[in-house]
Every structure is written in structure tokens, then in C-alpha cells.
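Spelled out, the chains give:
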Amino acid sequence: MDRPTKNVTLPISNMVAEVYTYYLRGERKAIEAIMLESVNWKTSDKDGKPEMAGVDASYRAKMEDKAVLLAIKSLTNSNKESVEVTTETLDNLPDEDFATLQEALPSQQLKKK
């Protein structure tokens, strides 16, 4: 399935990211699953009902990375060479570049009919 994209120039590295304008349903589910999978549950001794036992606090960073990774169709450096889009690539971007990518992500708001 071809999806529309937009080009975003990163201000510090001058890389150009081709970003999808919307997520597919499966991509949105994959992003949301990170949060759901970060919760640990235990069974209550009193009534046998599940209780939250803890949350992996790194879930937000994992969701942010996944959202950006799924939204980027391609990434090219200032020499117009293709750059592999990985978590390591994202981690090595200047903060301002990553913030620019986040701003370019498809809207998280569900459209109402």
C-alpha cells in the first residue's frame, strides 16, 4: 500500500527524513502494545483479582522510538546517501533533530466521524 509522505529537513544534521503522513492500524497497535506490555500484574491475595505490581518506566522512550521508526520511510544524510533507520541512529541524533522528527509524526488523535 502506497501512503503519502512529506519531507522533513532536520535542522542540525541537515538529514532529510521522508515521513508517512499517517500510521497504519497495525503500526498504531504495535506502539500502544509497548505500554500495555510494560505493566506487571499479580493476583490479589484477598479476592484473586489482578493488581498492578509495577510498570517498566522505560516504556515511554520505547514508544517514542517505535513511533518515529515506523513513521520514517527513508532517511538521507547531507550527502544524499541513504541512512539506515535504527534506534541507534535515533539515539545519535541531536535533541533538536529528534524533536523535529517527533513534531512531524502522524497525528496521534483518532479522527471522529
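A.B. asks: Describe the environment of Glu 96, naming the residues involved and giving the relevant values.
C.D. replies: Checked against the element boundaries, Glu 96 lands in helix H4 (residues 95-104). It is 19 Å that separates the C-alpha atoms of Glu 96 and Lys 6, two residues lying 90 residues apart in sequence. Not counting residues within four places of it along the chain, the set of residues in contact with Glu 96 comprises Pro 11 and Ile 12.

A.B. asks: Help me get a handle on the pattern of salt bridges, residues and values and all.
C.D. replies: Close approach of charged atoms allows side chains of opposite charge to pair. Scanning the model with the defined rule gives 3 salt bridges in all. Glu 27 serves as the salt-bridge partner of Arg 3, at 2.9 Å between the closest nitrogen and oxygen. Of this pair, Arg 3 sits in the segment before strand E1 (5-9) while Glu 27 is found in helix H1 (residues 25-37), placing the two residues 24 residues apart along the sequence. The exposure class assigned to Arg 3 is buried, which follows from its relative accessible area of 12%. Across the pair Arg 60 and Glu 64 runs a salt bridge, and its minimum N-O distance is 3.7 Å. Of this pair, Arg 60 and Glu 64 both sit in helix H2 (residues 59-71), 4 residues apart, roughly one helical turn.

A.B. asks: Please give an account of the environment of Lys 62 that cites residues and values.
C.D. replies: Along the chain, Lys 62 falls in helix H2. Taking C-alpha positions, Lys 62 is 10.0 Å from Ser 38, a pair spaced 24 residues apart along the chain. Other than its neighbours up to four places away in sequence, Lys 62 contacts Ile 34 and Asp 56.

A.B. asks: I'd love a proper account of a nonpolar patch on the surface, names of residues and values included.
C.D. replies: Together, Trp 41, Met 52 and Val 55 make up a nonpolar patch on the protein surface, roughly 340 Å² of accessible area in all. You can see Met 52 is positioned in strand E4 (residues 50-55).

A.B. asks: Outline the packing of aromatic side chains, supporting the account with residue identities and numerical values.
C.D. replies: Tallying each qualifying case throughout the model produces 0 aromatic pairs. Directly above the ring of Tyr 20 sits Arg 3, whose terminal nitrogen or CZ lies 3.6 Å from the centroid. Of note, Arg 3 hangs over the ring of Tyr 22, and the distance from its end group to the ring centre comes to 6.0 Å.

Calculation notes
- Residues numbered from 1 in each chain as written.
- Predicted model: local features only at pLDDT ≥ 70, side-chain atom pairs only at ≥ 80, totals over all residues.
- Heavy atoms only, no water.
- Helix = DSSP H or I, 4+ residues; strand = E, 2+ residues; numbered from the N terminus.
- Contact = heavy atoms within 4.5 Å.
- Salt bridge = Lys/Arg side-chain N within 4 Å of Asp/Glu carboxyl O.
- Buried < 20%, exposed > 50% of the residue type's maximum accessible area, 1.4 Å probe, protein only.
- Patch = residues over 30% accessible without salt bridge, like charges linked within 9 Å, V, L, I, M, F, W, Y side chains within 5 Å.
- Areas by Shrake-Rupley, 256 points an atom, 1.4 Å probe, with all protein chains shown as cover.
- Phe/Tyr/Trp six-rings, centres within 6.5 Å; stacked < 30°, edge-to-face > 60°.
- Lys NZ or Arg CZ within 6 Å of the ring centre and 35° of its normal.

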